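Take a look at the letters that make up each chain.
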Amino acid sequence: MSTLTSFVTLLQRVVVDIKIAELKLKEQQQNRMMVFDYVRNLGNQEHPQVLLITVFVAVLCLCLIIGHLLEEYRWVNESITAILTGCVSGTVILFLSKGKSSHILTFNDELFFIYLLPPIIFNAGFQVKKKQFFQNFLTIMFFGVFGVFISAVVITAGSWWLLPKLGFVGLTAREYLAIGTIFSSTDTVCTLQVLHQDETPLLYSLVFGEGVVNDATSVVLFNAIQKLDVSRVNGRTMLHVIGDFFYLFLTSTALGVTAGLVAAYVLKTLYFGRHSSVREISLMILIAYLSYMLAELLQLSGILTVFFCGILMSHYAWYDVTNSSRITTRHVFATMSFIAETFIFLYVGMDALDIEKWKMTKLCFGTLMAIYSTLILLILLGRAAFVFPLSALSNYLNRKAERTEVITFKHQIIIWWAGLMRGAVSIALAFKQFTYSGVTWDPISATMITNTIIVVLFSTLVFGFITKPLISYLIPHHESIIIRHGELVVPKDDLNVPLLSFEESTATNIGRAKDSLSLLIERPITTIHSYWRKFDDSYMRPIFGGPVTSQLQC
């Protein structure tokens, strides 16, 4: 009987929370409408939502213009420009609405995951330098997968221990786990804009590759935590979570590879370009988006799927379209990604001035500052906990490999620093965990949203401004050129151990197999890459497209 009463009480609380959330949503919509009363009266608009979108697009255009004017200052990247523009716009809107709201539009995690994130991740896969990415694949997986787990453990344990001591209580076990995942997601855009890919190819490849894999891993781990039964956490439960993670990782990757191959085969077989280049470009965009939506429909990771779909499309399908379409696709995909990223950071700047969330926190200024400082400290520690040990492990494993340039201590500091910035994925995961349709209805959730926004603002602005002078100090321009020109080249003879041949004797084939096995042990990535290149030239490219040459950069 007591259990039934408790269940009824819990159900009533859920209903009340939903009603409160709906009232809050209506109230915020009313507040946003007050911002434009004067303009609407001037124009006699019958569709106020159109006006809101118009104003937001105008602010977005202003942000692009400001970013262009600041282009010569490479330390002022687009993320910083968008955030500062959002803060200024939010201040103006707050003034016009007489302190009611700083928003033009309401952020929705579905808007982010369905419309804004796919073009960002797909472009990352499409533009990736595949040769550098796969040569450093093992190290990138260390940082992007195992690093997220280590960082999440450090941040979760630290938050669980320190936040209650600061007077911030009420978070559940699942929410602490979610916090660890939210603040383990990185944003390496600022560092990549400062690094020169031609001068420091290894460093650029590691930072770029880890950034993409990190985002995918964070989202997959976050979704796995949502399915976790926190009331029965034990060794078997954690193994189940890890098993689910790798299942999602592998199946999502397989779906992305399949989608990319299907697109390449269709484009090569039907040759759309003989009639219209518009159709082949449209088909590439739609198949990429279809792969993402299929992954979400199957409860897989859309990020991983669309990322590997982008890699496969750039490797095969890009060669199956006309020359004009090749140029167009690169610019179109980059433009879509750029607008989506700017949109997100612009909203973050506006949301930092959301008075409703600040009022709802009910914590004093000193306590809030202590919470922000604690989270940033945990991010620093969580990052350091895996970058330096895993770098040492990577150097050890690659001591006989094709990567003659080791990850020096200066490189490790830059990699550590590059992952301190938090960005769009952290914001989206926080909204997904602590809001209902973009609206908070309790002080704890409001506090966590403001915590995330402040951490993103502080890390992007402060760490972002320091990035360029830090890299210039650690790796001077002349030193990076020396490193680039001082690279050693692995003898090609070692990479060209032939595949087994039916025309040779058994003894000869066994000898070649032994040589291949020794190469695989000494230089696993090089050997696998060499055999993949032969298989790709012999079987894959004739079917799916691309120039058949072993010297092609892949």
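Since this is a predicted model, take the numbers as computed values, not measurements. (Residues numbered from 1 in each chain as written. Predicted model: local features only at pLDDT ≥ 70, side-chain atom pairs only at ≥ 80, totals over all residues. Heavy atoms only, no water.)

**Describing the overall build of the chain**
Inference 1: The helix and strand inventory of the chain stands at 23 helices and zero strands.
Inference 2: The buried share among the 554 residues of the chain stands at 50%.
Inference 3: The long-range fraction of contacts in the chain, counting pairs at least 24 apart against all pairs at least 6 apart in sequence, stands at 82%.
Inference 4: When the accessible area of the chain is evaluated, it comes to approximately 26,300 Å², of which 66% is carbon and sulfur surface. (Helix = DSSP H or I, 4+ residues; strand = E, 2+ residues; numbered from the N terminus. Buried < 20%, exposed > 50% of the residue type's maximum accessible area, 1.4 Å probe, protein only. Contact = heavy atoms within 4.5 Å. Areas by Shrake-Rupley, 256 points an atom, 1.4 Å probe, with all protein chains shown as cover.)

**Looking at the side chain of Glu210**
Inference 1: As for its placement among the helices and strands, Glu210 is situated in helix H10 (residues 201–226).
Inference 2: With a relative accessible area of 1%, Glu210 lands in the buried category.
Inference 3: What Glu210 contacts, discounting residues up to four positions off in sequence, is Ile140, Phe143, Gly144, Arg383, Phe386 and Ile415.

**As for the pattern of salt bridges**
Inference 1: This model, assessed by the stated rule, comprises two salt bridges.
Inference 2: With its nearest N and O atoms 3.7 Å apart, the salt bridge here joins Asp537 to Arg541. One end of the pair, Asp537, and the other, Arg541, are both in helix H23 (residues 524–544), four residues apart, so they sit about a helical turn from each other. Considered together, Asp537 and Arg541 belong to a single accessibility category, that of buried residues. (Salt bridge = Lys/Arg side-chain N within 4 Å of Asp/Glu carboxyl O.)

**Quick word on the packing of aromatic side chains**
Inference 1: Applying the stated criterion across every chain yields a total of 22 aromatic pairs.
Inference 2: On the numbers, 4.7 Å between centres and 55 degrees between planes, the contact of Phe56 with Phe343 is tilted. Taken as a pair, Phe56 in helix H3 (residues 48–69) and Phe343 in helix H14 (residues 323–351) lie far apart in primary sequence, 287 residues in all.
Inference 3: Three or more aromatic residues joined by ring pairs make a cluster, and in this case those are Phe149, Phe245, Phe246 and Phe249.
Inference 4: The side chain of Arg326 reaches across the aromatic face of Trp318, ending 5.3 Å from its centre.
Inference 5: Lying across the ring of Trp318, Arg330 places its NZ or CZ 4.6 Å from the centre. (Phe/Tyr/Trp six-rings, centres within 6.5 Å; stacked < 30°, edge-to-face > 60°. Lys NZ or Arg CZ within 6 Å of the ring centre and 35° of its normal.)

**A word on the environment of Ala152**
Inference 1: For Ala152, the position within the fold is in helix H7 (residues 137–162).
Inference 2: Here the alpha-carbon distance between Ala152 and Ser185, two residues 33 residues apart in the chain, equals 9.2 Å.
Inference 3: Setting aside its immediate chain neighbours within four residues, Ala152 contacts Gly180, Thr181, Ser184 and Leu221.

**Notes on the nonpolar core**
Inference 1: Ranked by internal contacts, the top residues of the largest apolar core, which has 125 residues, are Phe112, Phe183 and Met313.
Inference 2: Contacts of Met313, omitting those with residues within four sequence positions, involve Phe122, Phe126, Gly260, Ala263, Met284, Ile287, Ala288 and Trp318. (Core = buried A, V, L, I, M, F, W, Y, C linked by side-chain atoms within 4.5 Å.)

**Comments concerning helix H8 (residues 173–182)**
Inference 1: Along H8, seven of the ten residues are buried, which leaves the element largely enclosed by surrounding structure.
Inference 2: Looking at H8, one finds that the buried residues are Glu175, Tyr176, Ala178, Ile179, Gly180, Thr181 and Ile182.

**With respect to the side chain of Ser391**
Inference 1: Structurally, Ser391 is set in helix H16 (residues 365–397).
Inference 2: The buried category is assigned to Ser391, whose relative accessible area is 0%.

**What about the packing of H10 against helix H18 (residues 424–434)?**
Inference 1: Put simply, H10 and H18 touch, their axes get as near as 11 Å, and they point 10 degrees apart. As judged from the angle between their axes, H10 and H18 are roughly parallel. On the side of H10, the interface is formed by Asp215, Ser218, Val219, Phe222, Asn223 and Gln226, while H18 contributes Val425, Leu429, Lys432 and Gln433.
Inference 2: Its residues assigned to classes, the contact of H10 with H18 comprises four nonpolar, four polar and two charged. (Axes fitted to C-alpha atoms, helices over the stretch in contact; angles between N-to-C directions. Parallel < 35°, antiparallel > 145°, perpendicular 65-115°, else oblique. Nonpolar A, V, L, I, M, F, W, Y, C, P; charged D, E, K, R; others polar.)

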